[in-house]
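Now for the letters of each chain:
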Amino acid sequence: MLHIINKSPLSNGSLDSCLRVTESGEILLIEDAVYAAAKGSFLEGKMHEVMGKVKIHVLMPDLEARGLADRLIAGITPVDYGGFVDLVAASKNCQSWL
Amino acid sequence: MKFGIVVNEGPYQHQSSDSAYLFCKAAIEKGHEVWRVFFYHDGVNNATRLTEPPQDDRNIVNRWSKLAEEHGVDLVVCVAAALRRGIRDENLAPGFRISGLGQLVESGIQTDRLVVFGD
Amino acid sequence: MSEIKKFMFVNRKAPYGTIYALESLEVVLITAAFDQDVSLAFLDDGVYQLKKGQQTKGIDTKNFSPTFRALDGYDIEKLYVEKESLALRGLSEADLLVDVTVLDRKEMGKLMGQQDVVLSF
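Residues numbered from 1 in each chain as written. Chains lettered and ligands numbered in written order. Predicted model: local features only at pLDDT ≥ 70, side-chain atom pairs only at ≥ 80, totals over all residues. Heavy atoms only, no water.

### What about the overall build of chain A?
Across its full length, chain A carries four helices and five strands. Helices and strands appear in chain A in the N-to-C order β-α-β-α-β-α-β-α-β. Here the C-alpha atoms of chain A give a radius of gyration of 12 Å, agreeing with the 13 Å that 2.2 N^0.38 yields for 98 residues. Burial status across chain A gives 58% buried among its 98 residues. Counted over contacts in chain A with a minimum sequence separation of 6, partners at least 24 positions apart contribute 69%. In the structure as shown, chain A presents an accessible area of about 3600 Å², 52% of it carried by carbon and sulfur atoms. In chain A, 9 positive and 12 negative side-chain charges are present, and the distance between their average locations comes to 5 Å. (Helix = DSSP H or I, 4+ residues; strand = E, 2+ residues; numbered from the N terminus. Rg over C-alpha atoms; globule rule 2.2 N^0.38 Å. Buried < 20%, exposed > 50% of the residue type's maximum accessible area, 1.4 Å probe, protein only. Contact = heavy atoms within 4.5 Å. Areas by Shrake-Rupley, 256 points an atom, 1.4 Å probe, with all protein chains shown as cover. Lys, Arg positive; Asp, Glu negative; His and termini not counted. Charge placed at Lys NZ, Arg CZ, Asp CG, Glu CD.)

### As for the interface of chain C and chain A
Every contact between the two is made by 20 residues of chain C and, on the other side, 14 residues of chain A. Interface area for chain C against chain A, summed over the two sides, is near 1400 Å², with a carbon-plus-sulfur share of 46%. Summed over the shared surface of chain C and chain A, the result is two salt bridges. Counting across the chain C and chain A interface gives 14 residue pairs in polar contact (both at pLDDT 80 or more). Breaking the side of chain C that touches chain A down by element, the ones donating at least two residues are α3 (83-88), α4 (105-113) and β5 (117-120) of chain C. Looking at the side of chain C that touches chain A element by element, the count peaks at six residues for α4 of chain C. (Buried area = accessible area lost by both parts, 1.4 Å probe. Salt bridge = Lys/Arg side-chain N within 4 Å of Asp/Glu carboxyl O. Polar contact = N/O pair within 3.5 Å; in protein donor to acceptor, adjacent residues only side chain to side chain.)

### Points about the interface of chain B and chain C
The interface of chain B with chain C comprises 20 residues on the first partner and 21 residues on the second. With both chains or domains summed, chain B and chain C bury close to 1700 Å², and 61% of this area falls on carbon and sulfur atoms. Among the residues of chain B in contact with chain C, His41, Val105 and Ile109 of chain B are the three that bury the most area, contributing 33% of the side total. At the boundary of chain B with chain C, the tally comes to three salt bridges. Between Arg84 of chain B and Glu23 of chain C there is a salt bridge, and its shortest N-O distance comes to 2.7 Å. On inspection of chain B and its partner chain C, the count reaches ten residue pairs in polar contact (both at pLDDT 80 or more). Looking at which element gives the most residues to the side of chain B that touches chain C, the answer is helix α4 (residues 102-110) of chain B, with six residues. Across the side of chain B that touches chain C, the residue classes tally to ten nonpolar, six polar and four charged. (Nonpolar A, V, L, I, M, F, W, Y, C, P; charged D, E, K, R; others polar.)

Listed below in structure tokens is the structure:
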């Protein structure tokens, strides 16, 4: 399953909720959720931890827009909108954690 | 692959309409079909032709209309949500149509993937 | 008519503060008419939608919570509530206005993975 997160995990619980119920699969960070993909925040350690069980992707145009493209955490896969489409197509189903 | 899209937020206030549009565009460029975009909640505000953004900004409503015209994407606005918010046939932008929630359920049934964009 | 799909409505938002919970329930009722396999999941603040004793007169808003009790009549019987979300809010099954199946977080995640269409508002 592809989980799509769109809120900053520094101020919202969507990513936490998703990780609470998810044992495997893929997560795509879009819109304000891309802050989770940037090095240096208090979440970085946690992101490294969860990468052991789920694969994390980030929508680069959203990260670039927010001025953090050069801080992408190693191991998080950058995708463009075409890559977003590919991820949805490749997963059996998807869920937006609104 | 056949995609269905749901947009839950209005234009300019939230990024979801932009994200949904860019997703649709990328899907079409890859040879997929965007079968229907369903506008629900404040998303119905994407359908008003009275929108007039500043000249240096993107025109979100026209962008959707163009997608419908060029690629035959069915743009459906939920009737109950639309009436609640003052969106009616007389202020509907080209390419949009007002219909029932059944059209959203039908999207889930008829498409291979349904992707929701919202707040 | 094509094959029956598994539809899950994921409710993670509280009622009244925003309209999402009410409009989500409207889709659920319509989906029932399409003879699909429908389930509802309640997580996070979404569990507050099911709290007993909602009184909305004072905020001049329609109390839509009785509709959850009517779902049965539409053959919608699969209501799942995540155990951890209840516990975190100091709620138990006895606080809910309708019969539900309580699942732990892992069971909830597994059930989500089995769906064809997951709708969240």
